[in-house]
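A structural walkthrough
Residues per chain are reported as follows:
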Amino acid sequence: MSRLAAWSRLALGCGLALAVAVAGAQPVAAPATGAAAPVSPSAQRLYERARGQLVQVRTLLKGQDSQASVGSGFVVGDDGLIVTNYHVVSQLALQPERYRLVYTRVDGREGALQLLGFDAVHDLALVRPAPGGATAAAGGVPLAFRPVAEALAQGERIYALGNPLDVGFAVMEGNYNGLVERSFHPSIFFGGALSSGMSGGPALDEAGRVIGVNVATRRDGQQVSFLVPARYAQALVERARTAVPITMPVYAELTAQLMEHQEQVTQRFLAQPWRSAGHPRYAIPVPQESFMRCWGRSTSADTKGLEFERSDCEMDHQVFVSGALSTGTLAVRHEAYDGRRLGMLRFTERYSRSFRNEGFGRGNRREYTAPQCAERFVEQAGLPLRAVLCLSAYKRLAGLYDLSVLVATLDQPEIGAQGRIDARGVSFDNAMKLAEHYLQGYGLRAAP
Amino acid sequence: MIRLGLIELLDPHGGVAHRVPVTQWPVTIGRALDCDVLLDDPHAAACHATIRADGDALVLEVGDTRNGLRLRGREWPAGSRVPLAGGAEWRIGRSTLRLRLPDEALAPELPLAPATTGRRRHAVTVGLVALLLWLLGEQWLRSDPGDPLGGYLPVLVGLPIALGAWSFLWALGSKVFTRHFDFVPHLSLALAVLLASLLLGALLPLAAFATGWEALARIRDLLTLALGAALLYGHLSLILPARRQALAVGFATMFAVGASLHLVLNQQRQDRWFGPLYLSTLGPPALRLAPTTSTAEFIEQARGLRGALEQRARDTGGAAWLPDDEADE
């Protein structure tokens with residue numbers, strides 16, 4: 001089975017802060033996001049009020065002081081704490097010995113920052129100016145969060161602030177479009193333009209209260225952007241405001257957060273029954289679309305060769321860990337083949353080729369071990385299967401694994417189905433539970 | 001006149017270019033006109049050597065020469081005296097000479113090369129047809145019903161041309177070194193090895209599928225390598241029959257080195273000695289002989305991976321050979 005690329009997707013988060021290096025060479029690296037409406041009087045008023053709380057957050061390579069990534073942030077509360085994205089500060093979080101963090105205010109003043117805490121799953125981080133330095137706020141009143149109880153209505157005007165592409169501080173007007181459907185964690189669908197470098201900047205309502213944090217945009221769409229709901233930022237501020245600044249790599253804390261995330265994902269996933277793939281002979285596991293998105297495809301009816309139908313289901317949400325590592329997702333897919341027009345020999349050749357055309361594990365040997373596999377002929381509910389289960393362990397996030405299970409039915413000479421589940425960043429026990437759950441989704445359907 | 005012996009002047013390929021009958025000893029060898037064996041070699045002295053009878057034995061005396069002569073793997077300078085027996089070969093300058101004596105034992109008669117027999121030709125034809133059918137069968141497997149027949153043309157035309165050209169080039173080599181244009185032996189060798197590798201390449205994975213014994217599919221790479229080495233060895237030993245032993249040692253060493261390199265690269269890239277990672281060939285369901293297991297048992301088996309994974313996860317230094325960029329992306 002080859003991977004279907006029906007839609008390309010911006011990896012959540014990693015584009016915003018990290019694509020800046022590219023953007024510097026190509027000022028139009030960000031898509032021309034349609035004609036932005038001229039700034040309205042309320043945007044102007046809002047920006048005037050909030051600009052003092054706005055900062056650019058830059059990660060500098062220690063020693064040569066060149067910037068490794070650029071994002072935005074905003075001052076909340078009276079003690080000068082700054083909220084930004086985890087992916088804006090991830091280099092510092094993982095390699096504090098190589099990077100340092102600075103803020104730049106709208107008036108151009110700079111200062112060093114310390115990392116207090118982070119929430120990698122929601123892509124948030126809390127930083128504060130190093131003691132002894134000036135406050136990061138350039139005057140005015142710190143931003144406040146909009147109370148959770150006051151829900152926004154679809155279509156309400158909201159304003160995203162930040163420093164796009166390191167060009168200068170800006171306000172982008174757009175609309176609140178509710179939460180992203182089928183997202184594992186709630187994520188606000190912002191109908192407006194976000195560009196690299198605005199990551200970590202605030203999104204404000206008409207009253208200037210923070211409703212979310214800029215985090216990502218879809219590059220294949222127009223003005224389809226995403227915000228982290230403010231309540232997660234608020235929770236992080238509450239949790240980490242008095243924390244000791246981080247000076248060591250945060251792998252242990254990251255692992256703990258990812259462990260909790262994978263536990264939630266696995267439990268919610270295991271609690272769901274499989275959907276039917278609609279195959280006349282086989283029960284093939286297809287996940288519910290509550291937090292996954294499925295795409296289907298099939299051969300045209302007049303094909304002379306192998307007929308197949310496939311479905312690809314994947315979670316949108318990935319947890320950004322570093323530029324080389326995103327995790328925390330599930331994907332399930334299958335292909336059902338009918339080779340009765342081909343005959344047994346030709347069908348077997350294609351069926352085998354499709355089974356061979358599978359990759360396991362990711363090449364990066366610093367982050368993952370090489371995959372280790374178990375394989376057997378398995379009989380599940382009367383259906384003989386070839387099952388291959390491969391696992392790679394994370395080297396720096398101890399206890400997390402990438403799981404892949406590949407299955408091919410082996411009961412008919414001219415028809416068959418092959419399927420696969422991929423779970424990234426799960427514990428060993430959950431990997432086993434997911435694999436068993438997946439295999440149990442197979443079987444022979446009772447004769448009609 | 002009694003023929004006491006014969007002195008043969010050999011050509012560079014070991015054939016006899018010129019014979020000088022010996023009717024009396026001593027025999028002088030050199031460039032001077034009064035020599036019995038006249039050499040046309042600028043690296044030979046006027047009177048380079050003399051063969052004398054010394055009682056019953058013969059002795060080769062090296063004359064007044066700066067180059068000396070070479071016999072039995074040794075240099076003999078001017079003034080040396082070397083005992084000679086029938087069949088002895090020595091080099092003077094760039095010429096090779098051989099002494100034949102009536103009492104020397106003859107090598108037994110060699111059988112004719114089998115290439116010339118009709119059975120060999122018959123076998124080659126059968127092999128060629130088998131190979132062609134095999135490749136056409138593979139092409140048929142890959143095509144869909146109703147595909148144009150033109151797809152078979154490259155196989156039908158390409159295979160005989162490729163095989164013919166391959167054997168022709170090797171036969172040219174034979175012609176240069178043995179003076180025989182051994183096209184059929186080279187062709188039959190190439191055919192045999194090609195058929196063997198196709199057969200093994202197809203049967204091993206299927207056997208692995210049938211028995212559930214994955215190791216069968218994993219030795220395929222090494223077998224292919226061995227067959228490749230065997231093919232080259234076979235061609236070269238047809239060209240240089242005298243050097244068969246040295247070639248065998250050479251190719252065995254090459255295979256050993258190549259196989260180790262292959263295994264080490266596998267180990268570095270995939271953390272395993274033998275690829276592929278999983279048994280990636282599926283046969284028709286009826287071929288499966290191995291029993292099935294239950295899902296629970298399979299998961300239990302997979303739990304056994306944990307120890308190895310945990311150990312490898314701790315081994316963070318294992319990727320030191322990867323360039324930084326590759327590891328970071």
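Residues numbered from 1 in each chain as written. Chains lettered and ligands numbered in written order. Predicted model: local features only at pLDDT ≥ 70, side-chain atom pairs only at ≥ 80, totals over all residues. Heavy atoms only, no water.

1. So, the overall build of chain B
Counting its secondary structure elements, chain B contains 9 helices and 12 strands. Over its C-alpha trace chain B gives a radius of gyration of 32 Å, far above what one expects of a compact globule, namely 20 Å for 329 residues. Principal-axis analysis of the C-alpha atoms gives chain B an extent of 95 × 55 × 40 Å. The buried share among the 329 residues of chain B stands at 36%. A sequence separation of at least 24 residues applies to 45% of the contacts in chain B between residues at least 6 apart. As displayed, chain B offers around 19300 Å² of accessible surface, 62% of which is attributable to carbon and sulfur atoms. Taking the average place of the 30 positive charges on the side chains of chain B and the average place of its 31 negative ones, the gap between the two points comes to 5 Å. (Helix = DSSP H or I, 4+ residues; strand = E, 2+ residues; numbered from the N terminus. Rg over C-alpha atoms; globule rule 2.2 N^0.38 Å. Buried < 20%, exposed > 50% of the residue type's maximum accessible area, 1.4 Å probe, protein only. Contact = heavy atoms within 4.5 Å. Areas by Shrake-Rupley, 256 points an atom, 1.4 Å probe, with all protein chains shown as cover. Lys, Arg positive; Asp, Glu negative; His and termini not counted. Charge placed at Lys NZ, Arg CZ, Asp CG, Glu CD.)

2. A few points about the sheet that holds strand 8 (residues 170–179) of chain A
Residue and element names in this part refer to chain A. Ordered by their spatial adjacency, 6 strands build a closed barrel running 7-8-9-12-11-10, and the pairing between neighbours is antiparallel. With strand direction ignored, the average angle separating the axes of adjacent strands in the sheet is 45 degrees. Taken together, the 5 bridges between strand 11 (residues 210–217) and strand 12 (residues 225–229) define a ladder with antiparallel strand orientation. In the sheet register, Thr217 faces strand 12, and the bridge partner there is Ser225. (Pairing = 2+ DSSP bridges. Axes fitted to C-alpha atoms, helices over the stretch in contact; angles between N-to-C directions.)

3. Focus on the nonpolar core
Residues and elements named next belong to chain A. The biggest cluster of nonpolar side chains holds 46 residues, and the ones touching the most others in it are Phe269, Leu330, Leu389, Leu391, Leu403 and Val405. Here the element with the most residues in this core is helix 8 (residues 428–440); it accounts for 7 residues. Every residue in contact with Leu330, bar those within four places of it in the chain, is listed here: Val265, Phe269, Phe291, Met292, Cys313, Glu314, Met315, Asp422, Ala423 and Leu434. Val75, Tyr86, Val127 and Ala137 belong to the second-largest nonpolar core, a separate cluster that totals 33 residues. (Core = buried A, V, L, I, M, F, W, Y, C linked by side-chain atoms within 4.5 Å.)

4. Thoughts on the sheet that holds strand 5 (residues 110–119) of chain A
Residues and elements named next belong to chain A. Taken together, the 6 strands give a closed barrel; going around it, the order is 1-2-3-6-5-4, and neighbouring strands pair in antiparallel fashion. Taking the axes of each pair of neighbouring strands and ignoring which way they run, one obtains an average angle of 40 degrees across the sheet. Bridging between strand 3 (residues 81–84) and strand 6 (residues 124–129) involves 3 bridges; their strand directions are antiparallel. Within strand 6, the position partnered with Val83 by the bridge is Leu126. Here helix 4 (residues 86–94) sits on the sheet and contacts strand 1 (54–61), strand 2 (67–76), strand 3, strand 4 (99–105), strand 5 and strand 6; the angle it forms with strand 1, its principal contact strand, is near 30 degrees.

5. Re the domain arrangement of chain B
In terms of domains, chain B is made up of domain 1 (5–100) and domain 2 (117–270). For domain 1 of chain B and domain 2 of chain B, the distance between their C-alpha centres works out to 47 Å. (Domains from an automatic or database assignment.)

6. Re the interface of chain A and chain B
Accessible area lost on assembly of the parts is the figure often given for the size of an interface. Taken together, the 60 residues of chain A in the interface contact 52 residues of chain B. In total, about 5000 Å² of surface goes out of reach between chain A and chain B, with carbon and sulfur atoms giving 61% of it. Considering only the side of chain A, the residues that lose the most area to chain B are Arg346, Arg366 and Phe377 of chain A, jointly responsible for 16% of the buried surface there. Run the count over chain A and chain B and you get 5 salt bridges. Here Glu375 of chain A and Arg218 of chain B are joined by a salt bridge, their closest N and O atoms 3.4 Å apart. If you look at where chain A meets chain B, you find 17 residue pairs in polar contact (both at pLDDT 80 or more). Every element with two or more residues in the side of chain A that touches chain B is listed here: helix 7 (344–356), strand 19 (372–380), strand 20 (383–393), strand 21 (400–409) and helix 8 of chain A. The element best represented in the side of chain A that touches chain B is helix 7 of chain A, accounting for 10 residues. (Buried area = accessible area lost by both parts, 1.4 Å probe. Salt bridge = Lys/Arg side-chain N within 4 Å of Asp/Glu carboxyl O. Polar contact = N/O pair within 3.5 Å; in protein donor to acceptor, adjacent residues only side chain to side chain.)

7. Describing the side chain of Ser72 of chain A
Residue and element names in this part refer to chain A. By the secondary structure assignment, Ser72 is in strand 2. Note on Ser72: relative accessible area 0%, which makes it buried. For Ser72, the side chain forms a polar contact with the main-chain oxygen of Gly197, separated by 2.7 Å. Leave out the neighbours within four places in its chain, and Ser72 touches Val55, Gln56, Val57, Val83, Thr84, Gly162, Asn163, Gly197, Met198, Ser199, Gly200 and Gly201.

8. Remarks on a nonpolar patch on the surface
On the surface, Leu153, Leu156, Val157 and Ile161 of chain B cluster together into a nonpolar patch covering about 370 Å² of accessible area. One can find Ile161 of chain B in helix 2 (residues 153–178). (Patch = residues over 30% accessible without salt bridge, like charges linked within 9 Å, V, L, I, M, F, W, Y side chains within 5 Å.)

9. Overview of the confidence of the model for chain A
Caution applies to low-pLDDT parts of the model: their predicted coordinates are not meant to be read in detail. Looking at chain A, pLDDT values average 87 and 90% of them are 70 or higher. Predicted confidence is poor over residues 1–37 of chain A, with pLDDT under 50, and the contacts of this stretch with residues over four places away or in other chains come to 88 contacts. (pLDDT = per-residue confidence, 0-100.)

10. Quick notes on the state of the cysteines
Summed over the entire model, instances satisfying the criterion amount to 2 disulfides over all chains. Here Cys294 of chain A engages in a disulfide with Cys313 of chain A; their sulfurs sit 2.0 Å apart. Residues Cys294 of chain A and Cys313 of chain A are joined through a disulfide that is right-handed, its torsion about the S-S bond being 110 degrees. One end of the pair, Cys294 of chain A, is in strand 14 (residues 293–298); the other, Cys313 of chain A, is in strand 15 (residues 307–314), and 19 residues separate them in sequence. With respect to burial, Cys294 of chain A and Cys313 of chain A carry one shared label: buried. In chain A, the bonded cysteines, taken in the order they occur along the sequence, pair up as 1-2, 3-4. Of all cysteine sulfurs, the one in Cys47 of chain B lies closest to Cys35 of chain B, which takes part in no disulfide; the gap is 4.6 Å. (Disulfide = S-S within 2.5 Å.)

11. Considering the side chain of Glu61 of chain B
Residue and element names in this part refer to chain B. Relative to the helices and strands, Glu61 resides in strand 6 (residues 57–62). Here the side chain of Glu61 touches Arg52 through a polar contact of 2.9 Å, side chain to side chain. For Glu61, the residues in contact, after removing those within four places along its chain, are His48, Ala49, Thr50, Arg52, Ser80 and Arg81.

12. Overview of the packing of aromatic side chains
For any pair of aromatic rings, the description rests on two quantities: the centre-to-centre distance and the angle between the ring planes. Here the structure, examined in full by the defined rule, presents 19 aromatic pairs over all chains. Both rings, one in Tyr86 of chain A and one in Phe118 of chain A, keep their centres 5.3 Å apart while their planes meet at 35 degrees; by these two values the pair is tilted. With Tyr86 of chain A in helix 4 and Phe118 of chain A in strand 5, the pair connects residues that are 32 residues apart, well separated along the chain. Each of the two residues, Tyr86 of chain A as well as Phe118 of chain A, counts as buried. An angle of 65 degrees between the planes, with centres 6.4 Å apart, marks the rings of Tyr233 of chain B and Phe251 of chain B as edge-to-face. Taken together, the residues span a long stretch of sequence, with Tyr233 of chain B in helix 5 (residues 220–239) and Phe251 of chain B in helix 6 (residues 244–270) at a distance of 18 residues. What makes Tyr233 of chain B partly exposed here is its relative accessible area of 25%. What makes Phe251 of chain B buried here is its relative accessible area of 11%. An aromatic cluster is defined as three or more aromatic residues linked by ring pairs; in this entry it consists of Phe184, Phe269, Trp274, Phe291, Tyr438 and Tyr442 of chain A. Geometry around Phe377 of chain A places Arg386 of chain A over its ring, the cationic atom sitting 4.5 Å from the centre. Note that Arg74 of chain B overlies the ring of Trp76 of chain B, its terminal NZ or CZ placed 3.9 Å from the centroid. (Phe/Tyr/Trp six-rings, centres within 6.5 Å; stacked < 30°, edge-to-face > 60°. Lys NZ or Arg CZ within 6 Å of the ring centre and 35° of its normal.)

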